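What the coordinates show
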Amino acid sequence: MRVGTRLPPLEIEITRTLIVAGAIASRDYQDVHHDPESARRKGSPDIFMNILTTNGLVGRYVTDHFGPNAVLRKVAVRLGAPNRPGDTMVLTGTVEEADGETVTVGVVGSNGIGRHVTGTVTLTLPGWGAG
């Protein structure tokens, strides 16, 4: 794995079900993640995805690329534009560091209104480069 290697993009349809299921799965019962009226009262045009769902999708994107032996060591993300129902988030990634079995990937997830997430994922690849 070389620094600068680009991972293929991953498109994720942002559905109401994905947003609500992610919030429930991560025990985030804030009304802005499941109740459109509450979200509107708080200034959002609709419900929006929580950070824990985004974090999981970023981790999935990287482990899907590197395979089932990849072990996430650190996922650090920062949110930007909200993911709302009806949009598509496109995740892209670039290898920023590669040292033996450890790889760090910079990840960006963009939707129709801008960057939803930016961050880095550090993982180990047991046995990578051995033999």
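Residues numbered from 1 in each chain as written. Predicted model: local features only at pLDDT ≥ 70, side-chain atom pairs only at ≥ 80, totals over all residues. Heavy atoms only, no water.

For the protein chain, the helix and strand inventory stands at three helices and five strands. For the protein chain, the succession of helices and strands along the chain, N to C, is β-α-α-α-β-β-β-β. Taken over the C-alpha atoms alone, the protein chain extends approximately 60 × 25 × 20 Å along its principal axes. The buried share among the 131 residues of the protein chain stands at 37%. Pairs at least 24 residues apart make up 65% of the contacts formed inside the protein chain by residues separated by at least 6 positions. (Helix = DSSP H or I, 4+ residues; strand = E, 2+ residues; numbered from the N terminus. Buried < 20%, exposed > 50% of the residue type's maximum accessible area, 1.4 Å probe, protein only. Contact = heavy atoms within 4.5 Å.)

With that out of the way, let us pick up helix α3 (residues 51–66). Given a rise of 1.5 Å per residue, 16 residues ought to cover 22 Å, and the 23 Å separating the end C-alpha atoms of α3 matches this to within 8%. Taken residue by residue, α3 has T53, T54, L57, V58, G59, Y61, V62 and F66 as its buried positions. In this fold, the buried residues of α3 make contact with β1 (6–13), α1 (16–25), β2 (71–79), β3 (88–99), β4 (102–111) and β5 (114–124). (Expected span 1.5 Å × (residues − 1).)

This part covers the pattern of salt bridges. In total, this model carries four salt bridges according to the counting rule given. Between D31 and K42 there is a salt bridge; the shortest N-O distance is 2.8 Å. Pair noted here: D31 is in the loop between α1 and α2 (36–41) and K42 is in the loop between α2 and α3, with a separation of eleven residues, a long-range link. By relative accessible area, which is 55% here, K42 ends up exposed. D64 is the salt-bridge partner of R60, the closest N and O atoms lying 3.2 Å from each other. Of this pair, R60 and D64 both sit in helix α3, separated by four residues, roughly a single helical turn. Taking relative accessible area as the criterion, R60 reaches 38% and is therefore assigned partly exposed. Under the relative-accessibility criterion, D64 is labelled exposed at 52%. (Salt bridge = Lys/Arg side-chain N within 4 Å of Asp/Glu carboxyl O.)

Attention shifts here to the sheet that holds β1. Remark on secondary structure: sheet strands pair via backbone hydrogen bonds, oriented parallel or antiparallel. Strand order across the open sheet formed by five strands is β1-β3-β4-β5-β2, with antiparallel pairing between neighbours. On the outer flanks of this sheet lie β1 and β2, each paired with one strand and no other. The average angle at which neighbouring strand axes cross in this sheet is 20 degrees, direction not considered. Where β4 meets β5, ten bridges bridge the pair, whose relative direction is antiparallel. Counterpart to G106 in the pairing with β5 is T120. (Pairing = 2+ DSSP bridges. Axes fitted to C-alpha atoms, helices over the stretch in contact; angles between N-to-C directions.)

Another point: unusual backbone geometry. Positive phi values are uncommon outside glycine, yet R27 reaches one of about 60 degrees. Position of R27 relative to the elements: it lies in the loop between α1 and α2. Under the relative-accessibility criterion, R27 is labelled exposed at 68%.

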